[in-house]
Amino acid sequence: MTKFSAVRRSFSPRAVTAFAFATALFALPLGSASAQTFGYAPMQLQPYPQDQGYSQGYVNEAPQAADDEDAQLPDRLRKQIVSFDRSEPAGTIVIDTNNTYLYYVLGNGRAIRYGVGVGREGFTWSGVQNVSRKAEWPDWHPPAAMIARQPYLPRFVAGGPGNPLGARAMYLGSSEYRIHGTNDPSTIGKFVSSGCIRMTNEDVIDLFNRVNVGAKVVVLPKNAPLMAKGADPARKRPAASTLPSGRQALNVTTSAVN
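Note that this is a predicted model, so its numbers are computed, not measured. (Residues numbered from 1 in each chain as written. Predicted model: local features only at pLDDT ≥ 70, side-chain atom pairs only at ≥ 80, totals over all residues. Heavy atoms only, no water.)

As for the overall build of the protein
Item 1. In terms of regular secondary structure, the protein is built from 5 helices and 11 strands.
Item 2. Here the protein holds 258 residues, and the buried ones make up 45% of them.
Item 3. Counting only contacts in the protein whose residues sit at least 6 apart along the sequence, the fraction spanning at least 24 positions is 69%.
Item 4. Entry remark: accessible area of the protein is about 13900 Å², with carbon and sulfur atoms responsible for 56%. (Helix = DSSP H or I, 4+ residues; strand = E, 2+ residues; numbered from the N terminus. Buried < 20%, exposed > 50% of the residue type's maximum accessible area, 1.4 Å probe, protein only. Contact = heavy atoms within 4.5 Å. Areas by Shrake-Rupley, 256 points an atom, 1.4 Å probe, with all protein chains shown as cover.)

Structural notes on the pairing of strand β6 (residues 127-136)
Item 1. With 4 bridges joining them, β6 and strand β11 (residues 216-219) adopt antiparallel strand pairing. Bridging across to β11, Asn130 finds its partner in Lys216. (Pairing = 2+ DSSP bridges.)

Side note on the pattern of salt bridges
Item 1. Following the criterion strictly, the structure yields 6 salt bridges and no others.
Item 2. Arg78 serves as the salt-bridge partner of Asp75, at 3.7 Å between the closest nitrogen and oxygen.
Item 3. Exposure remark for Asp75: the relative accessible area of 58% places this residue in the exposed category.
Item 4. One salt-bridge network, held together by shared partners, links Lys79, Asp206 and Arg210. (Salt bridge = Lys/Arg side-chain N within 4 Å of Asp/Glu carboxyl O.)

Examining the nonpolar core
Item 1. Formed by 27 residues in total, the largest nonpolar core has its most connected members in Ile93, Leu102, Ile179 and Leu207.
Item 2. Contributing elements (two or more residues each) for this core: β2 (93-96), β3 (101-107), β4 (110-115), β7 (168-172), α5 (201-210) and β11.
Item 3. Here the element with the most residues in this core is α5; it accounts for 4 residues.
Item 4. When residues no more than four places from it in sequence are discounted, the contact partners of Leu207 are Ile93, Leu102, Tyr104, Tyr114, Met170, Ile179 and Met199.
Item 5. Residues Val94, Tyr101, Tyr103 and Val218 belong to the second largest nonpolar core, which totals 13 residues. (Core = buried A, V, L, I, M, F, W, Y, C linked by side-chain atoms within 4.5 Å.)

What follows is the structure in structure tokens.
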């Protein structure tokens, strides 16, 4: 009688329910379905948010130029060889501010034309300089004058894809101006900078590999005509004015630098 009672207690309704629950638990498939059955979902990996102040986030890895940025440009701003009637020798850079073009003179009446971004209203300049230095993936130190205008800017940005100087920079004399890449290709063909000349990373790498330190750089005034052909009418050569002390042309993003 005692043994019978013990057996009946071991198979009480509560024990039977627990046994059935355990059986059902092991019968469920592993993964998200079983997790959801018990009221939680598996962890989803979230992408790291990009820095809001930049058009790209910067990660500590080997920097690479954007893929085929020229393909994003209108036809007139894509790199092409054109006829060129000015008298500068091969290796000279001529910047047509008014039409947002940069010409690299090949000689024999030809030049490579690139689309560029130039200074916005009040920040354009003209004159003659020389390439004093070249840098790959340069660091950015905003000058004091720029920080005074835009105190929210960082004081230093390491070189890389998120840097507003882009993949390459060619420094113009002892001024604060540069020909450089950009992390915002949408600014090419526009009057957006504080005086520097910006190119797509793809184009600035191409120009960087052609230009030597010491190369002459002629920056034409905004209202100056340029004697050049190939999709441009032939125009008259202007006189270049002197280079002002000026301000630096850089972008964190177009929306950040006003």
